[in-house]
Amino acid sequence: MRAAPVSIPRVSDADLVTRARRGDPAAFGELVDRHRAAVYRAALAALRSPADAEDAAQDAFLLAYQRLNSFRGEASFKTWLLTITWHQAINRRRSLASVWRRIVTPKTEDEAEAAIAGIAASGLSPEDAAAQDQLRRAIHDAIRALTPKLRDALLLAQAGDYSYEEIGAMLGAPVGTIKWRVSEARRVIRKRLRQRGYGDV
Amino acid sequence: MNDRIDDVARQMTKSEPPDEVAFRRRVLERIDSGDAPPRPWRASFVLTPIAAAAAIVITLFVARQHGPGSPAPGTMTGSVTQAPPSETLAPRASAPAADEPVRLPPSPPGGYGGTSKPDTTNAAMQRLAAARGVAPTSQLEPNDVASIAVAPLAVDTLSQESIQLERLDPIVPIAVAPLDITDTSRRNQ
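Caption draft 1: Region of the structure containing the overall build of chain B. Within chain B one finds six helices and zero strands. Overall, chain B shows an N-to-C arrangement of helices and strands of α-α-α-α-α-α. Counting only residues that meet the buried cut, chain B has 14% of its 189 residues in that class. Across chain B, every contact between residues at least 6 apart in sequence was considered, and the portion connecting residues at least 24 apart equals 33%. Roughly 16,700 Å² of accessible area belongs to chain B as shown, and the carbon and sulfur atoms make up 59% of that amount.

Shown next, in the form of structure tokens:
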């Protein structure tokens, strides 16, 4: 007798994990679909390269499938998956190939910078648009110049996909520390902007 | 300004995720094929040993440049043949004859108080072999090296000057004229 199709949105992550453990590929596929965007954005926050982020996201799902039996359900599946994703992304960021690529490849304007320029230019006079664009580039450079701890906390917090608890699980720090890092990142950025002449910060 | 900072940060992570269907298919294909996530080489795991090896090579290179022929300090040049301690410190095994003068072992080159080095001359080796009653196993061949005996120090002999004191002239006694009393009394009047 064929099992009645289950309305996917009503199935919890825990049930999908149980089915995936029993060898149901569709259940794991559903988990992939649900958390694809969050996993990808977490990897992108660490790697800042869409291609590397996609590879890291695939690796994270692969590793999660292999370690499915070790998921005990103490935290949510999403938190557990994001922790795996972050570790995979950091390993890739610290890899010899990544370091070599950052040394050899000159910095080129990425999608984020293009988006920043586009947003700044909409609905403003040319002078205002140029000033806004300049400020946003300065902020962008200041964020890139942050230490990895501060930068990662700020980017993950602003990605909008993660709670502070989930960010804390990814970064291995308490919630209070994460909030402090975000606040400290903003303070350091404001200081750098003042030093560059953006006095009304 | 915090809002602007947050906005820029949000834009930095706002990239369109990969296509849902294609991404899911790739993940499931990798699971079916038994693919495992790659284990990337960490830069620190590779660069640190390379840096350590380079430092060792450079140190060895610099050490060799400072004179490969000169001996390192603290090492001894030449070979030192060790004679048994009985030869250097203790008297000879055979008791000397009653009428023979007692011969003391030669003093060490550095004099007493220094490190006692054994007498490695050929004569000493032969005495040792005779004391043991065996033929000397190694005969020191006279070498062609020039004698290392120290030449006697050429010292100028001191001329012996007379140290006899000169006789001083006798002191002439000072004669004092007697005092004339009559003149003094006449003056007082």
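Caption draft 2: Up close: the overall build of chain A. Along chain A, the regular secondary structure elements total 10 helices and zero strands. Going from the N terminus to the C terminus, chain A shows its helices and strands as α-α-α-α-α-α-α-α-α-α. A separation threshold of at least 6 residues defines the contact pool for chain A, and within that pool the share at least 24 residues apart is 60%. Counting only carbon and sulfur atoms, one obtains 52% of the accessible surface of chain A, whose full area is about 10,300 Å².

Caption draft 3: The arrangement of the nonpolar core in detail. A:F28, A:I143, A:L154, A:L156, A:Y162 and A:I189 are the most contacted members of the largest nonpolar core, which has 67 residues in total. Among the elements that make up this core, the one with the highest residue count is helix α2 (residues 25-47) of chain A (13 residues). Those residues in contact with A:F28 that lie beyond four places of it in its chain are A:A20, A:F61, A:Y65, A:L68, B:V27, B:L28 and B:I31.

Caption draft 4: Structural context of the pattern of salt bridges. Under the counting rule described, the total for this entry stands at 18 salt bridges over all chains. A salt bridge links A:R36 to B:E20, with the nearest nitrogen and oxygen atoms 4.0 Å apart. Placement of the pair is A:R36 in helix α2 and B:E20 in helix α2 (residues 20-32), with the two residues belonging to separate chains. With relative accessibility at 12%, the residue A:R36 sits in the buried group. The partly exposed category is assigned to B:E20, whose relative accessible area is 38%. Put simply, B:D6 and A:R186 hold a salt bridge, and the shortest N to O gap is 3.0 Å. Separated into two different chains, B:D6 in helix α1 (residues 2-13) and A:R186 in helix α10 (residues 175-195) make up a pair that spans both. Neither residue differs from the other here; B:D6 and A:R186 are each classed as buried. Put simply, A:D13, A:E30 and A:R34 are held in one network by salt bridges that share partners.

Caption draft 5: Quick look at the packing of aromatic side chains. What the rule picks out here adds up to five aromatic pairs over all chains. Relative to B:F23, the ring of A:F61 lies with its centre 5.8 Å away and its plane at 75°, an arrangement referred to as edge-to-face. Of this pair, A:F61 sits in helix α3 (residues 50-66) while B:F23 is found in helix α2, placing the two residues in two different chains. Since its relative accessible area comes to 1%, B:F23 is described here as buried. Centre to centre, the rings of A:F77 and A:W80 are 5.7 Å apart; their planes meet at 45°, and the pair counts as tilted. Of this pair, A:F77 and A:W80 both sit in helix α4 (residues 77-93), three residues apart, which is roughly one turn of that helix.

Caption draft 6: Region of the structure containing the confidence of the model for chain A. Per-residue pLDDT for chain A has a mean of 83; in total, 80% of the residues score no lower than 70. When pLDDT is averaged over each element of chain A, α10(A) comes out on top at 94 and helix α6 (residues 111-121) of chain A at the bottom at 52.

Caption draft 7: Examining the interface of chain B and chain A more closely. In this assembly, 35 residues from chain B lie in contact with 51 residues from chain A. Of the roughly 4,100 Å² buried between chain B and chain A on both sides combined, carbon and sulfur atoms contribute 66%. On the chain B side of the interface with chain A, the three residues burying the most area are B:M12, B:T13 and B:F23, jointly 16% of the side's total. On the surface where chain B and chain A come into contact, there are six salt bridges. Among the salt bridges present, the one from A:D59 reaches B:R30, with a minimum N-O distance of 3.0 Å. Elements that contribute at least two residues to the side of chain B that touches chain A include exactly α1, α2 and α3 (43-65) of chain B. No other element matches α1(B), which puts 11 residues into the side of chain B that touches chain A. Taken together, the residues of the side of chain B that touches chain A sort by class into 19 nonpolar, four polar and 12 charged.

Conventions adopted
- Residues numbered from 1 in each chain as written.
- Chains lettered and ligands numbered in written order.
- Predicted model: local features only at pLDDT ≥ 70, side-chain atom pairs only at ≥ 80, totals over all residues.
- Heavy atoms only, no water.
- Helix = DSSP H or I, 4+ residues; strand = E, 2+ residues; numbered from the N terminus.
- Buried < 20%, exposed > 50% of the residue type's maximum accessible area, 1.4 Å probe, protein only.
- Contact = heavy atoms within 4.5 Å.
- Areas by Shrake-Rupley, 256 points an atom, 1.4 Å probe, with all protein chains shown as cover.
- Core = buried A, V, L, I, M, F, W, Y, C linked by side-chain atoms within 4.5 Å.
- Salt bridge = Lys/Arg side-chain N within 4 Å of Asp/Glu carboxyl O.
- Phe/Tyr/Trp six-rings, centres within 6.5 Å; stacked < 30°, edge-to-face > 60°.
- pLDDT = per-residue confidence, 0-100.
- Buried area = accessible area lost by both parts, 1.4 Å probe.
- Nonpolar A, V, L, I, M, F, W, Y, C, P; charged D, E, K, R; others polar.

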